[in-house]
There are 2 protein chains.
Amino acid sequence: MNLPRQVVMKEVGPRDGLQNEKQKILTEDKISFINQLSESGLKYIEVTSFVHPEWIPQLADAKDVLQSIKRNQTITYAALVPNMRGLIRALEAEVDEVSVFLSASETHNKNNINKTIDETIPILKEVVQEGLKANRSVRGYVSTVIGCPYEGYIEPEQVLKVVDALFNMGVTEVSLGDTIGVAVPTQVEKLLARLFNEYPPNVFAMHFHDTRGTALANIVKSLEMGITIFDSSVGGLGGCPYAKGATGNVATEDLLYLLTEMGIETGVNMDAILASAFFIEEKIGRKLGSKQLEIARGKRGLAHSDSKHTV
Amino acid sequence: MNLPRQVVMKEVGPRDGLQNEKQKILTEDKISFINQLSESGLKYIEVTSFVHPEWIPQLADAKDVLQSIKRNQTITYAALVPNMRGLIRALEAEVDEVSVFLSASETHNKNNINKTIDETIPILKEVVQEGLKANRSVRGYVSTVIGCPYEGYIEPEQVLKVVDALFNMGVTEVSLGDTIGVAVPTQVEKLLARLFNEYPPNVFAMHFHDTRGTALANIVKSLEMGITIFDSSVGGLGGCPYAKGATGNVATEDLLYLLTEMGIETGVNMDAILASAFFIEEKIGRKLGSKQLEIARGKRGLAHSDSKHTV
């Protein structure tokens, strides 16, 4: 297999993960969570989202969080911004990088942002340009790059149209999201082959949700195609805890296992990631379901049982 | 991607799945479970194991089950047999195919069968020869082909040694088992490349456990290497329910989703598989954790909620 030597793991748990949790998480716990992640060897953490608090009350403390975390100068602390208002707040909190977002699917974009794709582009363009002027790098997210809950399969040409728009604005990287976790490797290959006719692999990140268990298979195919940046979420945080089947991002620790065993360097420490996952699952009040966490729980259970000499 | 058009899914849930369940399952429920599976389009079902009842009390009714199921003439009903005694009982119950098993890891073989590999081979040889004489096809399982809980990584040469022994006995197919679910695609590729120097791909099946979430990624790599037979277990049955992290086989329904979406024919019906999974999870008294089951549960939950107009 032709694989990269190194991969950058971009942690989106504090934003993409926590935004859907119903239980109110204290600002100090979020800060503590991010500070723990900063000690794990991760080089990129998406800290929060500067969307309107009415949209996502969980992240209403975005500015507080971003201003209060302990910064490690080697780590990029990023935040999602939907518009100029969000950008201004993010810059005031000294964000390192901002991300803008839209969907490859027209219907999903309308449902998510309440605008058509064509209406969204000029709004993002202003944000990107102002972000770049403020000497920030700007990331673009494209949602539903393989499948849409309303439109079904999305053709690569439709994704390319949106990708072109983002790069024309000046974004430095595009993260391609399989938002509803339907993708299989043949579809990933087809999409990337089309995009790589126009752009080099190193300007893309892949953002998989593991709703159907295919995330790691899709990541392996992406690696073989030349992708070296992957988004993931500690503990597989994300999705909606009250709608079973709407699962979160691929778990950082499961991705880390895969990459490490395939001999790919990440610089990320497994024990530190697991510790932060155990920390945050206590705060959100529900068990997280990654494979590595289950294994760690099993070992803890056995150790406990052993120490008591129970059967 | 270079993929096969068709794949044979071999269902091992009734054997590899149920053998580790602590809760006693009624013989009539096992029969009903297998009869449901027979209606799903599966062409191969491993029904039970003729090991000594003291080893696996759950499968002490092996003969009853095999004799009482409703046979579909297009389906191969197989059973595991560890020795001549097991073979005789299986033949009395009119088994279609028998499977013998040993480990690629010396230490795992000793712990599992209480014999060295060299001591195991002549015992299996007699079973295989007598099975073939009785006009049955014989399958050979090799456990721990990638990793062993005692020895760690297992070299392909060690696996080849055991594979050679099985084919020399006359087995018609070898199923390669990642028993503890540690494999990653690079290791699968290395193993298969070595074996395919000696044997064609179509004499092998792959048997993945999904302990670390890598099963589907390993299956995709196996497909690309030319493998067309995969073992799986409805609901991801298997593993030990009292040792978290010791998980079961890759779930039949998750494998089916992957294959179907990649355009590979299996002849297996998703709804029938899900129905049999819901049936058996009630009987074993614990929730099964496949991704497709979670999605189906979510839909059921939503439908229920919708019908009541609750929020």
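Starting afresh in each chain, residues are numbered from 1 along the sequence in its written order. All chains are assigned letters beginning at A, and all ligands numbers beginning at 1, according to the order in which they are written. With the structure being a predicted model, the display of local features is reserved for residues of pLDDT at least 70 and the display and counting of side-chain atom pairs for 80 or more, all residues being used for whole-chain, interface and lining totals. Excluded from the side-chain calculations are hydrogens and water; all other atoms, namely the structure's heavy atoms, are used.

As recorded in an unreviewed UniProt entry, chain A goes by Hydroxymethylglutaryl-CoA lyase YngG and comes from Caldibacillus thermoamylovorans. UniProt positions are given in the numbering used here, feature names are shortened, and annotations may be inferred rather than shown by experiment. Turning to chain A, the UniProt record has this under Sequence similarities (unreviewed entry): "Belongs to the HMG-CoA lyase family."

J.: Help me out: how do you make sense of helix H2 (residues 27-38) of chain B in this one?
T.: Given 3.6 residues per turn, any residue in an α-helix points the same way as the ones three and four places further on. Under the DSSP-based scheme used, a helix requires at least four consecutive residues in state H or I and a strand at least two consecutive residues in state E, with every element numbered from the N terminus. An expected span of 1.5 Å times one less than the residue number is assigned to each helix. Taking 1.5 Å per residue, twelve residues should reach 16 Å; H2(B) reaches 17 Å between its end C-alpha atoms and fits that length. Between buried and exposed lies partly exposed: a residue is buried under 20% and exposed over 50% of the maximum accessible area for its type, with that area taken using a 1.4 Å probe on protein chains only. Those residues of H2(B) not exposed but buried are Asp29(B), Lys30(B), Ile31(B), Phe33(B), Ile34(B), Leu37(B) and Ser38(B).

J.: Before we go on, may I ask you to explain the relation of the copies chain A and chain B in this structure?
T.: Superposition of the two copies of the chain requires a rotation about an axis together with a shift along that axis. Superposition of the copies was done by least squares, using only C-alpha atoms of residues whose pLDDT is at least 70 in both. For the pair chain A and chain B, the superposition axis carries a translation of 0.0 Å, the fit reaches an RMSD of 0.0 Å, and the rotation angle comes to 180 degrees. On the angle and the small slide along the axis, the relation comes out as a two-fold axis. It is Ala217(A) whose C-alpha, among those of chain A, lies nearest the rotation axis, at 1.9 Å. A share of 100% of the interface residues of chain A reappears at the interface of chain B, consistent with the copies meeting face to face through the same patch. Residues count as neighbours in contact if any of their non-hydrogen atoms are within 4.5 Å of one another.

J.: Please clarify how the sheet that holds strand E10 (residues 229-232) of chain A should be interpreted in this entry.
T.: Two orientations exist for strands paired in a sheet by backbone hydrogen bonds: parallel and antiparallel. All names here are of chain A. A pair of strands is labelled paired if DSSP reports no fewer than 2 bridges between them. Taken together, the eight strands give a closed barrel; going around it, the order is E1-E2-E3-E4-E5-E8-E9-E10, and neighbouring strands pair in parallel fashion. For this sheet, the mean angle separating the axes of adjacent strands, direction not counted, is 25 degrees. With three bridges connecting them, strand E3 (residues 76-80) and strand E4 (residues 97-103) associate as parallel partners. Considered in E4, the bridge of Leu 80 is made with Ser 99. All axes here are fitted lines through C-alpha atoms, helices being fitted over the stretch that makes contact, and every angle between N-to-C directions spans 0 to 180 degrees.

J.: Please explain the pattern of salt bridges as it appears in this structure.
T.: Two side chains of opposite charge can pair, provided their charged atoms sit close to one another. All names here are of chain A. The term salt bridge refers to a pairing of a side-chain nitrogen on Lys or Arg with a carboxyl oxygen on Asp or Glu at a separation within 4 Å. Across all of its chains, the model carries 38 salt bridges over all chains by this definition. Residue Asp 96 is joined to Arg 71 by a salt bridge in which the shortest nitrogen-to-oxygen separation is 3.7 Å. Separated by 25 residues along the polypeptide, Asp 96 in the loop between helix H4 (84-92) and E4 and Arg 71 in the loop between helix H3 (62-68) and E3 bring together distant segments of the chain. Using a relative accessible area of 29% as the deciding quantity, one classes Arg 71 as partly exposed. Put simply, Lys 10, Arg 139, Glu 173 and Asp 231 are held in one network by salt bridges that share partners.

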